[in-house]
Amino acid sequence: MRLVDSEKLLELQSSPEKLRNICIVAHVDHGKTTLADSLISSNGIISQRMSGKLRYMDSRPDEQERGITMKSSSIALYHALDKEEYLVNLIDSPGHIDFSSEVSTAVRLCDGAIVVVDVVEGVCPQTRLALKQAYSENIHAVLVLNKIDRLIVEMKMSSLDAYVHITQVLEQVNAVMGELFASEVLENEETQIDRQKLKKVNTNEDNNFYDWTSALEDADDSNLYFSPEQGNVVFASAIDGWGFTVHTFAKLFSAKLGVKEELLKKVLWGDFFLNSKTKRFMKGAQEKAKKPLFVQVIFDNLWNVYETIVLRNDKEKVPLICEKLGIKLTTRDLRHTDSRIQLQALMMQWLPLSNTVLDMVCTKLPSPKEILPEKVEKLMCSRIRDFESYPEETKKLKDDFLACDSSNDKPVIIFVSKMFSVDKSVLPENKPKALTAEEMALRREKARQMREELKQNNLSSEPICISKNKESCENDTEKFTEEPKEKDENETAFIAFARIFSGKVRKGDKLYVLGPKHDPSLVNIKKDLIIDPNKKLKDLQSDEHITCTEIKSLYILMGRELKDIDEAVAGNIIGIGGLEQHILKTATLSSTIACPAFSEIQYAAVPILRVAIEPTYPSQLSQLVKGLKLLNQSDSCVQVLLQETGEHVLVTAGEVHLQRCLEDLKNLYAKIPITVSEPIVPFRETIVEPPKIDMANEEIDSQNIDKGKDTEQDPVITITTNNKQSTIKIRARPLPNEITTLLDRSTDLLKAISQHIKSLQRLVKNDNLEGKFDELNINGKHQLSDRMLKLIEVFKNELQNICSKLGPEWKDVVKQIWSVGPRNCGPNLLLNQTPDYCTKFLHHEKEIKEDPRFEYESSFLNGFQLASLSGPLCDEPMMGVAFCVEEWTLDKNEEDTSYTYGPLSGQIMSAVKEGCKRAFQVQPQRLMAAMYSCDIVVDQKVLGKCMCLWALKSSLSGRSRLLL
């Protein structure tokens, strides 16, 4: 039974200082969900004895069957510490690599994280990834060293050996944090040096001085590392329900040893020992071959309890141990035949895990009021944009983030990290409500009247309706019969997983829904902007990213349940209903359009596993399409593609993720039998240089080939539009590997540049080109942020250095780049080698001049994007191809021929697409197969077996490679 009602939770929600938004992150099977069960049991939601067995946060059947968490879910917990009351919003996240996107969505909403590490397995790949995700989001973390019982029961370690092993694990975790800290400091130092150089150039200062000191020397890392003496490390066994910090035993033993508690906190961990003669704490336990104080005071006692109860099963000494520890066990626990149950009952009372962890969370992790300015700027702008580039109205919102104020005059800012689906029957408004005393009395009165009428009518065969009249009874009957039909049509509801960063939101409030591509800088320019309140997400044009919505329902997330509330204030993690028509995966809700869209969530894993899906019965295709849309909305990592052939392709992060998506599709969303293909191997299409030596190592030029010159194909393809108004000459050339690799590494930058140029093409027309550029402040130095200009300059220099080593034909590539593809960020180039038409991609400082072809430039580029996205060999994306446009003429007649051939823009797009494919086919074509690379991390004890297994696999396949 829950110890605290929902009214108390609502009361605590109004105090951001008493809120803690935390998530549990770890490698798979390191004990996250078991720890969450223990914390939930402290609120009486589940029994303490069921911790680790019930897996309360794993509400899906497949989660219970597999024993792993597949989705992040939140629950609100109450905790009292030193007469202060706290509300802890706890998010349990998955540890499997296939579901790392769920970790990313959870970390974005939190201020703190609990990192759980199995002391036997140590730091694993997902542990490193979880630490990196938490650090990148500026989240403060605490550490739980879990499964210490395995060192006693399974590993049979002594207390001293276990201490040495745990110190090594702690060093591994801190080494990861040190790497993350050093990389960030050095990156910031490089940025700072560049700014100082620019400042010196502008002020004509002396440039001969160089500061040789490193930023690492001045950087403050005092609160970075996990240190038991600071109280941010818990030693625990979640399955047995116990845990402690150094501060826990310092408080227990200060009175017994007659030592101040503050002194014990400093010496309990580290190279200290107790001198039995002088009764003083001395340093140098390892040097003098003495047991560290931590082993003497804590681990020896812990090992004695386990050896007595679990290993020797000495039941006679259990009452004596309880008496010394001041614990009272029930008669049932003392007589229990399972020694592990006895141990758990004893340890839960002596060192309760839930109290220890929640105390640490409330004291060591920050509240929403303590959000860092660096984190706010990261949330408001992407990595390639400066915060100073925003309008003044947008920059003022930073103060609202930091204040975390819920006053009525403060703007509402809410971030939705994901959409998750629930059955409509789970929603509080659809559950039967408990009757009040007045309603129960009224029903008793109606029942009494019905019995009297039955007596008077002598049990008439006609059904009696207790209602004012017969007509209302018939209406009620009709409603009763219609409701199940409506439920069958749509049984799934979507809830937005969100956090309020500023302001207060109530039911009925109308807010703007800002899409991920929303840019307040461009919106402020459009003075005549009108937002249609009736538009949904599906109604928006390509350049529209704002809709309006009314908040229909608000919920407190309680794990498997939802609690309906009327309002929520800043700092809280909540659920919002009724947004499925406005949000696909993520979005920002705000009362002002000056609020920027939150920066894109950085997912650790990308979807790579592809399968084709079709309904078993073709007549159910519409249900499959509808189900795929719902699946795409409910999963942040899944991708649903529709091929040109009409084939539906599902792209997932891995095998386990694929199985979960297929189960959801069959049982929840589409509810039809489906047929799934074997995994589709992704290919890339490319071209190579013509061969100079044949298979027999003979020079081709010296062979006598009896073919005339008329059969040779010209590498330059000339193509015209259907109405003969435009002529294009295109040549395809293979890109060197160095350039292809650089383009692959710079996808974010290239995408940002392409989006910027697209915005110019949307906002600017030929009739008043220069005037509009002056109004937008695009031509000139202030068109892009300093950070982005620096990144562009670095990219240009690196590309120029590569091209200078390749030969004269590549020396002007930097100036000739017109576009990259596919999707404006791929490893293919469109080069402008025309003598009379100037384009602008990397050279933003140059002004765009008027040209009649500018009107059709977007159509030209779209043709290139379509061609590079779907090659002529097997409709796979191209890779490593440069398309050189050598001529583009436009002779537009006054005669309108669109009724015959269609618009000229469409003709140019089709001509460029066809010309690129034909130029590709003239060259020697190749298919590129995907190569899978992975890191195998094993314990040193089984390294030999792993090497033997690799040798066997490589001898069988002949394709494996080992990198040492």
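So, a few notes on the structure that sits alongside this text.

1. Quick notes on the overall build of the protein
Here is step 1: Helices and strands together make up the secondary structure of the protein, namely 32 helices and 30 strands.
Here is step 2: Here the protein holds 964 residues, and 47% of them are scored as buried.
Here is step 3: Partitioning the intrachain contacts of the protein with sequence separation of at least 6 by distance along the chain shows that 75% fall at a separation of at least 24.
Here is step 4: Total accessible area on the protein is roughly 51,400 Å²; 50% of this is exposed by carbon and sulfur atoms.

2. Notes on the pairing of strand S29 (residues 881–890)
Here is step 1: Pairing analysis gives nine bridges linking strand S26 (residues 726–734) to S29, with the strands arranged antiparallel. Bridging from a neighbouring strand, arginine 731 pairs with cysteine 884 of S29.
Here is step 2: Across four bridges, strand S28 (residues 828–832) lies against S29 in parallel orientation. Its bridge partner lying in S29, asparagine 832 is registered against valine 885.

3. Quick word on the side chain of serine 339
Here is step 1: Relative to the assigned elements, serine 339 resides in helix H14 (residues 339–350).
Here is step 2: Sequence-distant contacts of serine 339, defined by excluding residues within four places in its chain, comprise Ile309, Val310 and Asn313.

4. Some words on unusual backbone geometry
Here is step 1: Across the junction of glycine 821 and proline 822, the peptide omega takes the value 0°, indicating a cis bond.
Here is step 2: We note that aspartate 29 has phi near 65°; this positive angle belongs to a residue other than glycine.
Here is step 3: On the accessibility criterion, aspartate 29 (48% relative accessible area) is partly exposed.
Here is step 4: The backbone of arginine 823 sits at a positive phi, close to 60°, despite the residue not being glycine.
Here is step 5: Within the secondary structure layout, arginine 823 lies in the loop between strand S27 (817–821) and S28.

5. Let's talk about the packing of aromatic side chains
Here is step 1: As enumerated under the stated definition, the model contains 26 aromatic pairs in all.
Here is step 2: A ring pair is formed by phenylalanine 244 and phenylalanine 294, whose centres lie 6.4 Å apart and whose planes are at 35°; its orientation type is tilted. A residue pair is termed long-range when its members are at least 10 positions apart, and phenylalanine 244 in strand S7 (residues 242–244) and phenylalanine 294 in helix H11 (residues 293–311) qualify at 50 residues.
Here is step 3: Under the relative-accessibility criterion, phenylalanine 294 is labelled buried at 0%.
Here is step 4: Here tryptophan 818 and phenylalanine 860 contribute two aromatic rings whose centre-to-centre distance is 4.7 Å and whose plane-to-plane angle is 20°, an arrangement assigned as stacked. Note that tryptophan 818 is positioned in strand S27 and phenylalanine 860 in helix H29 (residues 857–869), a separation of 42 residues in sequence.
Here is step 5: Taken together, the ring pairs in this structure connect Tyr163, Phe235, Trp242, Phe244, Phe249, Phe253, Trp269, Phe294, Phe299, Trp303, Tyr306 and Trp350 into an aromatic cluster.
Here is step 6: Above the ring of phenylalanine 415, the side-chain terminus of arginine 108 is found at 5.4 Å from the ring centroid.
Here is step 7: Over the ring of tryptophan 888 we find arginine 853, and its NZ or CZ is 6.0 Å from the ring centre.

6. Section: the sheet that holds S26
Here is step 1: Strand order in the open sheet formed by five strands is S25-S26-S29-S28-S27, and the pairing between neighbours is mixed. The open sheet is flanked by strand S25 (716–720) and S27, the only strands paired with a single partner. Direction aside, neighbouring strands of the sheet carry axes that sit 25° apart on average.
Here is step 2: The pairing of S27 with S28 spans four bridges and is classified as antiparallel. Across the sheet, serine 819 pairs through a bridge with leucine 830, a residue of S28.

7. Looking at the nonpolar core
Here is step 1: Counting 103 residues, the largest nonpolar core has Phe235, Phe244 and Phe299 as its most contacted members.
Here is step 2: In terms of residue count, the dominant contributor to this core is H11 (twelve residues).
Here is step 3: In contact with phenylalanine 299, not counting residues within four places along its chain, are Ser159, Ala162, Tyr163, Ile166, Phe244 and Phe294.
Here is step 4: Counting 79 residues, the second largest nonpolar core, distinct from the first, contains Leu35, Val88, Val357 and Val611.

8. Side note on helix H31 (residues 904–922)
Side chains of residues three or four places apart in an α-helix project in the same direction, reflecting 3.6 residues per turn.
Here is step 1: Helix length check: H31, at 19 residues, gives a terminal C-alpha distance of 27 Å against a target of 27 Å (1.5 Å per residue), a fit within 8%.
Here is step 2: What H31 keeps buried is the set Leu904, Gln907, Ile908, Ala911, Val912, Gly915, Cys916, Lys917, Ala919 and Phe920.

9. Let's talk about the packing of helix H22 (residues 621–634) against helix H23 (residues 655–669)
Here is step 1: Closest axis-to-axis distance for the H22/H23 pair is 10 Å, and the angle between their directions is 125°. Of the possible angle classes, the one that applies to H22 and H23 is oblique. H22 and H23 meet at a crossing whose hand is right-handed. Counted together, Leu624, Gly627, Leu628, Leu630, Leu631 and Ser634 of H22 and Cys661, Asp664, Leu665 and Tyr669 of H23 form the full contact between these two elements.
Here is step 2: Grouping the constituent residues of the contact of H22 with H23 by class yields seven nonpolar, two polar and one charged.

10. Quick look at the pattern of salt bridges
Pairing between side chains of opposite charge can happen when the charged atoms of each approach one another.
Here is step 1: A complete count under the given rule lists 35 salt bridges for this structure.
Here is step 2: Salt-bridge contacts for lysine 395 lead to glutamate 388; the nearest nitrogen and oxygen are separated by 3.4 Å.
Here is step 3: Residue classification places lysine 395 among the buried residues on the basis of a relative accessible area of 16%.
Here is step 4: A relative accessible area of 58% places glutamate 388 in the exposed class.
Here is step 5: When the shortest N-O distance is used, the salt bridge between glutamate 798 and arginine 745 registers 2.7 Å. In this pair, glutamate 798 sits in helix H27 (residues 786–804) while arginine 745 sits in helix H24 (residues 737–745), placing the two residues 53 residues apart along the sequence.
Here is step 6: Since its relative accessible area comes to 30%, glutamate 798 is described here as partly exposed.

11. Some remarks on the packing of helix H4 (residues 100–108) against helix H5 (residues 125–136)
Here is step 1: With their axes 10 Å apart at the nearest point, H4 and H5 run at an angle of 30° to one another. Between H4 and H5, the angle falls in the class roughly parallel. Where H4 crosses over H5, the handedness of that crossing is right-handed. Residue-level inspection shows Ser100, Val103, Ser104 and Val107 of H4 in contact with H5, the latter providing Gln126, Leu129, Gln133 and Ala134.

12. Describing a nonpolar patch on the surface
Here is step 1: Residues Ile936, Val938, Val942, Leu943 and Met947 make up a contiguous nonpolar surface patch of roughly 410 Å² in combined accessible area.
Here is step 2: For isoleucine 936, the position within the fold is in the loop between strand S30 (925–929) and helix H32 (943–957).
Here is step 3: Isoleucine 936 sits in the exposed class, given a relative accessible area of 61%.

So, how was this worked out
- Residues numbered from 1 in each chain as written.
- Predicted model: local features only at pLDDT ≥ 70, side-chain atom pairs only at ≥ 80, totals over all residues.
- Heavy atoms only, no water.
- Helix = DSSP H or I, 4+ residues; strand = E, 2+ residues; numbered from the N terminus.
- Buried < 20%, exposed > 50% of the residue type's maximum accessible area, 1.4 Å probe, protein only.
- Contact = heavy atoms within 4.5 Å.
- Areas by Shrake-Rupley, 256 points an atom, 1.4 Å probe, with all protein chains shown as cover.
- Pairing = 2+ DSSP bridges.
- Phe/Tyr/Trp six-rings, centres within 6.5 Å; stacked < 30°, edge-to-face > 60°.
- Lys NZ or Arg CZ within 6 Å of the ring centre and 35° of its normal.
- Axes fitted to C-alpha atoms, helices over the stretch in contact; angles between N-to-C directions.
- Core = buried A, V, L, I, M, F, W, Y, C linked by side-chain atoms within 4.5 Å.
- Expected span 1.5 Å × (residues − 1).
- Parallel < 35°, antiparallel > 145°, perpendicular 65-115°, else oblique.
- Left-handed = near helix turned anticlockwise from the far one by under 90°.
- Nonpolar A, V, L, I, M, F, W, Y, C, P; charged D, E, K, R; others polar.
- Salt bridge = Lys/Arg side-chain N within 4 Å of Asp/Glu carboxyl O.
- Patch = residues over 30% accessible without salt bridge, like charges linked within 9 Å, V, L, I, M, F, W, Y side chains within 5 Å.

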